Structure formats: structure tokens, C-alpha cells
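# Survey of secondary and tertiary structure
Here's the letter readout for the chains.
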Amino acid sequence: QGQLVESGGGLVQAGGSLKLSCAASGLTFSLYTMAWFRQAPGKERELVASITTWSTNYAASMKGRSTISRDNAKKTVYLRMDSLNPEDTAVYYCAARPTSITRLPNVYDYWGQGTQVTVSS
């Protein structure tokens, strides 16, 4: 059974940066697409970025301000976010699904518990 544990969230001033980490266990990590989602209060959860072993994908809201990366040896996926603004305040979730299985964009098999990111103005 796969488990995902996020870390790195916190309080940051507008214009600042944060790097989130998500450590996976119980998965053949290299065979999984990893993703970061976020959910702000009163809003639906939305995709921020996803990464396979060979490609990355970014949502428009964070494109150009975020970088997703992975270390297959450490079974960890990262999300670096720059030029943060208060609208980026949300709980950020890590998610995983097998790369070989085609699913709807937001359907993932495993989810972390989330890490809070708060951007102050």
C-alpha cells in the first residue's frame, strides 16, 4: 500500500519561495506519475503540476512560477514555488498513480495528508 508524506509547507511573505517535498513508500516509484494539487478554502482541489520519469506538466496558475522535480532513488517528488502571492494560499497535496494506466486528469490512486502553505501580503 502506497503512502505519501508531504513536508515543507509554512508561512511565507508575498514574493517569497517555498520548496515542498513528498516522500513515497510502498510504491515502485519510477513507474508512477507524481503530482501536486492544491485546495484553497471554499475552492475545489486543482492540479498544480505533474511529472513522469520523462515529462512534466504545469497548470496555468503556476506555470513559470513553479518547478516540479523528482528523485527516483530517494522516492521523492519536489515542488519549488517562486513569486508566491496570497492567492497561492492553500493546502498542497501530493498524489501518485501508475504511469501506465490512463485515467482522467485528476484521478490518482494515492494521496498525502497535505501541507499548508500560507502567503501573507
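Here the structure is shown first, and the text comes after it.
A brief look at the structure comes next. Quantities reported herein were computed from a predicted structural model and do not represent experimental measurements. (Residues numbered from 1 in each chain as written. Predicted model: local features only at pLDDT ≥ 70, side-chain atom pairs only at ≥ 80, totals over all residues. Heavy atoms only, no water.)

### Things to note about the nonpolar core
Judged by nonpolar contacts, the single largest core of 28 residues is most densely connected at Leu 4, Met 34, Trp 36, Val 77, Leu 79, Met 81 and Tyr 92. Elements with a contribution of two residues or more to this core: β3 (18-25), β4 (32-39), β5 (46-51), β8 (76-81), β9 (90-98) and β11 (115-120). Residues in contact with Met 81, not counting those within four places in the same chain, are Gly 16, Ser 17, Leu 18, Leu 20, Met 62, Arg 65, Ser 66, Tyr 92 and Val 117. In this structure, Ala 35, Phe 37, Ala 95 and Tyr 108 belong to the second largest nonpolar core, which totals 6 residues. (Core = buried A, V, L, I, M, F, W, Y, C linked by side-chain atoms within 4.5 Å. Buried < 20%, exposed > 50% of the residue type's maximum accessible area, 1.4 Å probe, protein only. Helix = DSSP H or I, 4+ residues; strand = E, 2+ residues; numbered from the N terminus. Contact = heavy atoms within 4.5 Å.)

### Examining unusual backbone geometry
Even without being a glycine, Lys 75 presents a positive backbone phi close to 55°. For Lys 75, the position within the fold is in the loop between β7 (66-71) and β8. Its identity as a non-glycine residue notwithstanding, Ser 83 has a phi of 50°, on the positive side. Structurally, Ser 83 can be placed in the loop between β8 and β9. On the basis of relative accessible area, Ser 83 is assigned to the partly exposed category, the value being 45%.

### Some points on the sheet that holds strand β1 (residues 3-7)
The antiparallel open sheet is built from 4 strands, whose spatial order is β1-β3-β8-β7. Only two strands of the sheet have a single neighbouring strand rather than two, namely β1 and β7. Going across the sheet, the axis of each strand differs from the next one's by a mean of 15°, ignoring polarity. Pairing analysis gives 6 bridges linking β7 to β8, with the strands arranged antiparallel. What sits directly across from Thr 67, in β8, is Arg 80. (Pairing = 2+ DSSP bridges. Axes fitted to C-alpha atoms, helices over the stretch in contact; angles between N-to-C directions.)

### Some details on the pattern of salt bridges
Under the counting rule described, the total for this entry stands at 5 salt bridges. Linking Asp 88 and Arg 65 is a salt bridge whose minimum nitrogen-to-oxygen distance equals 2.8 Å. Pair noted here: Asp 88 is in the loop between β8 and β9 and Arg 65 is in the loop between β6 (56-58) and β7, with a separation of 23 residues, a long-range link. Accessibility classification places Asp 88 together with Arg 65 in one group, the buried group. A network of salt bridges, in which partner residues are shared, links Arg 38, Glu 46, Arg 65 and Asp 88. (Salt bridge = Lys/Arg side-chain N within 4 Å of Asp/Glu carboxyl O.)

### Overview of the packing of aromatic side chains
Counted under the stated rule, the structure contains 4 aromatic pairs. On the basis of an interplanar angle of 50° and a centroid distance of 6.3 Å, the ring pair of Tyr 32 and Tyr 110 is categorised as tilted. Linking Tyr 32 in strand β4 with Tyr 110 in strand β10 (residues 110-111), this pair joins segments that are 78 residues apart in sequence. Accessibility expressed as a relative area gives 18% for Tyr 110, which makes it buried. Measuring from ring centre to ring centre gives 6.1 Å for Tyr 108 and Trp 111, while their planes differ by 70°; the resulting arrangement is edge-to-face. Look at Tyr 108 and you get buried, because its relative accessible area is 8%. Chaining the aromatic ring pairs together yields one cluster made of Phe 37, Tyr 108 and Trp 111. Here the basic side chain of Arg 45 rests over the ring of Tyr 93, its NZ or CZ set 5.4 Å away from the ring centre. Residue placement shows Arg 70 over the ring face of Phe 29; its charged tip is 4.5 Å from the ring centre. (Phe/Tyr/Trp six-rings, centres within 6.5 Å; stacked < 30°, edge-to-face > 60°. Lys NZ or Arg CZ within 6 Å of the ring centre and 35° of its normal.)

Everything listed is a geometric property; what it means functionally is a separate question.
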